[in-house]
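Chain by chain, the residues:
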Amino acid sequence: MTEHIWQRRDTESNPAYEAFRTYMRVRSTTKVAEELGKSVTLTTRWCSEHDWVARVTAYDSHITLAETDGMVHALAETRDKNLALMDKLRGLLDSRLDDFIARRDDPTIRWTQACIAMTKIEANSLAMGETKKSSEKIANIEALVERALELQSRIPEEA
């Protein structure tokens, strides 16, 4: 017994399986007949007897699912890394802000730079799940980054 429906069946001759493999590529019994020098009647009969359409559909579904699973896994890993990085950055910003407050320093420039870095990470995370909604969020984040950079340029440099 075969493990996958698109593999060679016990009742399928080598020429019939070769024809099926060609059918997987060209998706036409007429084209299979032309490529292999067989009659259209024969390839049509093999198609019917060995359920080529269902087998090709199952194969296509398998390939699509495998590709999708791989992308989902990669996106989840990247999302998790970005979330961990954002948590670290937020924690660092929080502790650094406390330090600035305790010393009565103005943390505005450094804080703005850190917030800009964090928003860029967030924009990259959203870009990985590119949809119309996330595109709008990315545009909003980019506008915030521009505004923050503009405000930062108005702040006098620290001595």
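Residues numbered from 1 in each chain as written. Predicted model: local features only at pLDDT ≥ 70, side-chain atom pairs only at ≥ 80, totals over all residues. Heavy atoms only, no water.

(A) Spatial organisation of the overall build of the protein. Regarding its fold elements, the protein presents six helices and zero strands. A buried classification covers 27% of the 159 residues belonging to the protein. Sequence-distant contacts in the protein: of pairs separated by 6 or more residues, those separated by 24 or more amount to 56%. Carbon and sulfur atoms form 55% of the exposed surface of the protein, whose accessible area is close to 11,000 Å². (Helix = DSSP H or I, 4+ residues; strand = E, 2+ residues; numbered from the N terminus. Buried < 20%, exposed > 50% of the residue type's maximum accessible area, 1.4 Å probe, protein only. Contact = heavy atoms within 4.5 Å. Areas by Shrake-Rupley, 256 points an atom, 1.4 Å probe, with all protein chains shown as cover.)

(B) Broad picture of the nonpolar core. Among the nonpolar cores identified, the biggest contains 14 residues, and F20, W46 and W52 are the most heavily contacted of them. Mapped by element, the contributors of at least two residues to this core are helix 1 (14–26), helix 3 (40–49) and helix 4 (52–103). Considering every element that reaches this core, the biggest residue donor is helix 1, with seven residues. Core analysis: the next-biggest nonpolar cluster, separate from the first, contains six residues, M86, A114, M118 and I121 among them. (Core = buried A, V, L, I, M, F, W, Y, C linked by side-chain atoms within 4.5 Å.)

(C) The arrangement of helix 1 in detail. Under the 1.5 Å per step criterion, the end-to-end length of helix 1 is 18 Å for 13 residues, consistent within 8% with the ideal 18 Å. Every buried residue belonging to helix 1 is among A16, Y17, A19, F20, T22, Y23, M24 and V26, and all of these are buried. Of the surrounding elements, those touching the buried residues of helix 1 are helix 2 (29–36), helix 3 and helix 4. The opening residue of helix 1, the one whose side-chain oxygen lies 3.1 Å from the backbone nitrogen of A16, is S13. (Expected span 1.5 Å × (residues − 1). Polar contact = N/O pair within 3.5 Å; in protein donor to acceptor, adjacent residues only side chain to side chain.)

(D) A look at the packing of helix 2 against helix 3. Closest axis-to-axis distance for the helix 2/helix 3 pair is 8 Å, and the angle between their directions is 125 degrees. The angle between helix 2 and helix 3 falls in the class oblique. Both helix 2 and helix 3 take part in a crossing whose hand is right-handed. Packed against helix 2, whose contacting residues are T29, T30, V32 and A33, the element helix 3 presents V40, T43, T44 and C47 at the interface. Taken together, the residues that form the contact of helix 2 with helix 3 break down as four nonpolar, four polar and no charged. (Axes fitted to C-alpha atoms, helices over the stretch in contact; angles between N-to-C directions. Parallel < 35°, antiparallel > 145°, perpendicular 65-115°, else oblique. Left-handed = near helix turned anticlockwise from the far one by under 90°. Nonpolar A, V, L, I, M, F, W, Y, C, P; charged D, E, K, R; others polar.)

(E) Layout of the pattern of salt bridges. Scanning the entire structure with this criterion turns up four salt bridges. Across the pair R55 and E12 runs a salt bridge, and its minimum N-O distance is 2.9 Å. One end of the pair, R55, is in helix 4; the other, E12, is in the segment before helix 1, with 43 residues separating them in the sequence. Both residues of the pair, R55 and E12, count as buried. With a closest N to O distance of 3.7 Å, E49 and R45 form a salt bridge. With E49 and R45 both in helix 3 and four residues apart, this pair spans about one turn of that helix. A relative accessible area of 46% means that E49 is categorised as partly exposed. (Salt bridge = Lys/Arg side-chain N within 4 Å of Asp/Glu carboxyl O.)

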